[in-house]
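# Geometric and topological summary
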Amino acid sequence: MEMFHVKPRWLFLKITCDDGTVGWGEPVVEGRAQTVEAAVKEIARYLIGQDPRDIEKHWQIIYRGNFYRNGPILTSALSGVEQALWDILGKHLNIPVWRLLGGKVRDRIRMYGWVSMEPTGDYIDSYAKCINENVEGFTAYKTCPIPPMQMIEQPNVLHAIRDNIVRLREKVDKRIDVALDFHGRCTPAVSRRLIHMIEDVDIMFIEEPVLPGDVAALKLVSSSTSIPIATGERLFTRWQFNDLIEQQSVAIIQPDISHCGGIFEARKIAAMAEARNIAVAPHCPLGPIALASCLQFASCTPNFLCQEHLTLGHDYLKVPFQVKEGYVDVPHLPGLGIEVDEEKVRAGIFAGDWPTPQFRLKDGSFAEW
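Residues numbered from 1 in each chain as written. Predicted model: local features only at pLDDT ≥ 70, side-chain atom pairs only at ≥ 80, totals over all residues. Heavy atoms only, no water.

Our focus in this paragraph is the overall build of the protein chain. Secondary structure summary: the protein chain contains 12 helices and 15 strands in total. For a compact globule of 369 residues, the expected C-alpha radius of gyration is about 21 Å, and the protein chain comes in at 20 Å, within 12% of that figure. With the C-alpha coordinates of the protein chain rotated into their principal frame, the extents come out at 65 × 45 × 40 Å. Residue burial in the protein chain is summarised as follows: out of 369 residues, 57% are buried. Across the protein chain, every contact between residues at least 6 apart in sequence was considered, and the portion connecting residues at least 24 apart equals 73%. Distance between charge centres in the protein chain, computed from 39 positive and 47 negative side chains, equals 2 Å. (Helix = DSSP H or I, 4+ residues; strand = E, 2+ residues; numbered from the N terminus. Rg over C-alpha atoms; globule rule 2.2 N^0.38 Å. Buried < 20%, exposed > 50% of the residue type's maximum accessible area, 1.4 Å probe, protein only. Contact = heavy atoms within 4.5 Å. Lys, Arg positive; Asp, Glu negative; His and termini not counted. Charge placed at Lys NZ, Arg CZ, Asp CG, Glu CD.)

Counted at 1.5 Å a residue, the expected span for helix α6 (residues 155-171) with its 17 residues is 24 Å, and the 24 Å between its end C-alpha atoms agrees. Turning to α6, its buried residues number three or more, namely Leu158, Ile161, Asn164, Ile165, Val166, Leu168 and Arg169. (Expected span 1.5 Å × (residues − 1).)

Scanning the model with the defined rule gives 19 salt bridges in all. Between Asp173 and Arg175 there is a salt bridge, and its shortest N-O distance comes to 2.7 Å. Notably, a salt bridge pairs Glu339 with Lys318, separated by 3.1 Å at the nearest N-O pair. Remark: Lys318 occurs in the loop between β11 (307-308) and β12 (323-324) and Glu339 occurs in the loop between β13 (327-329) and α12 (342-347); sequence separation between them is 21 residues. (Salt bridge = Lys/Arg side-chain N within 4 Å of Asp/Glu carboxyl O.)

Looking now at the packing of helix α1 (residues 33-47) against helix α3 (residues 72-93). Here α1 crosses α3 at 55 degrees, and the two axes come no closer than 9 Å. Considered as vectors, α1 and α3 are oriented oblique to each other. Judged by the sense of rotation from one axis to the other, the crossing of α1 with α3 is right-handed. Where α1 approaches α3, its residues Thr35, Val36, Ala39, Val40, Ile43 and Leu47 are matched on the opposing element by Ile73, Ser76, Ala77, Leu78, Val81 and Leu85. Here the contact of α1 with α3 is composed, by residue class, of 10 nonpolar, 2 polar and no charged. (Axes fitted to C-alpha atoms, helices over the stretch in contact; angles between N-to-C directions. Parallel < 35°, antiparallel > 145°, perpendicular 65-115°, else oblique. Left-handed = near helix turned anticlockwise from the far one by under 90°. Nonpolar A, V, L, I, M, F, W, Y, C, P; charged D, E, K, R; others polar.)

When you tally the buried positions in strand β6 (residues 177-181), you get 4 out of 5 residues, the bulk of the element. Strand direction decides the pairing type here: strand β5 (residues 140-143) and β6, joined by 4 bridges, are parallel. Bridge pairing in β6 links Thr143 to Leu180. Taken together, β6, helix α7 (residues 188-197) and strand β7 (residues 206-207) constitute a β-α-β crossover, and its handedness is right-handed. (Pairing = 2+ DSSP bridges. Right-handed = clockwise from strand over helix to strand, strands pointing away.)

Let's shift gears to the domain arrangement of the protein chain. Segmenting the protein chain into domains produces domain 1 (2-97) and domain 2 (99-332). For domain 1 versus domain 2, the distance between C-alpha centres works out to 26 Å. With 31 residues of domain 1 at the interface, the matching set in domain 2 holds 33 residues. Summed over both sides, the interface of domain 1 with domain 2 buries roughly 2600 Å², with 62% coming from carbon and sulfur. On the domain 1 side of the contact with domain 2, Trp10, Pro96 and Val97 bury the most area, a combined 23% of that side's loss. Our enumeration of links across domain 1 and domain 2 arrives at 1 salt bridge. (Domains from an automatic or database assignment. Buried area = accessible area lost by both parts, 1.4 Å probe.)

This is how it looks when you write it as structure tokens:
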């Protein structure tokens, strides 16, 4: 089991079997990659010498075999290992992972783009132009319009945010959906007030209107608006998603397949959500191996909505994913359906010390990033 910290902030895992079969995974927590690396090394003490095809057995032992469970470090380490094991099994059987999870339910996968939105709004015209002229043909984009926020924010700040959102939505082609990421920066009180101010704006969904884990606050927010609410990137395993889904606190869940427990765990979470008519839009601001895992998941998941991405693999894959009219075709190569370019990987190695951005309020106190 070999790991590579690669720019800009990713950790790749390569597992090699005794017959030469290689599987790739992406076990990483942004800003804690070195800690996850240590967790993978601990997992290796158990996994080396085992049959890689017994994926569920290994998952249960790695997750439940110690007294302490859950948390972003353990589940992210486990997620990357699990991805690599599915890659190995698919290559061993010469079929894509989605075939092993019940077969495909679609022929192509809807992707969405991302634009960074300055809180001043000075760049809205250029962002709208970028969205409208996107060569990939994305039918949806997401942006974060929220600056560092106080627990109870001033009305003039909220009105400025609303004005920026309205301007962006007016300038973007109506055939392109616009989603907003609040990034957990608002308290429930601020979020409810701001969402009420944009209720008449055509928004696809609002992501993380409050910090994750507070199901009551999410339900309070979602019940106060007709705009679909999404969350889930900072939740781990089906146990943390259970109350969120059972109480129907959101319209969209966003498990991160490099954090939540892996491909099959995400599929279990999606099945729980399907019973409550909740859509799934996996979180993925990570590298091409994480994206490949998401695309395998999307191929076989009925309630999949759309896929976030930061890269299409031009950086570390021999053949990057191709977007046509905003969609990627269901992958058909064995395993995760990718061929990692190890020369590029080794050229992209760095120390793995990417720092999480830090926000401060005007008085110098901490603000959520």
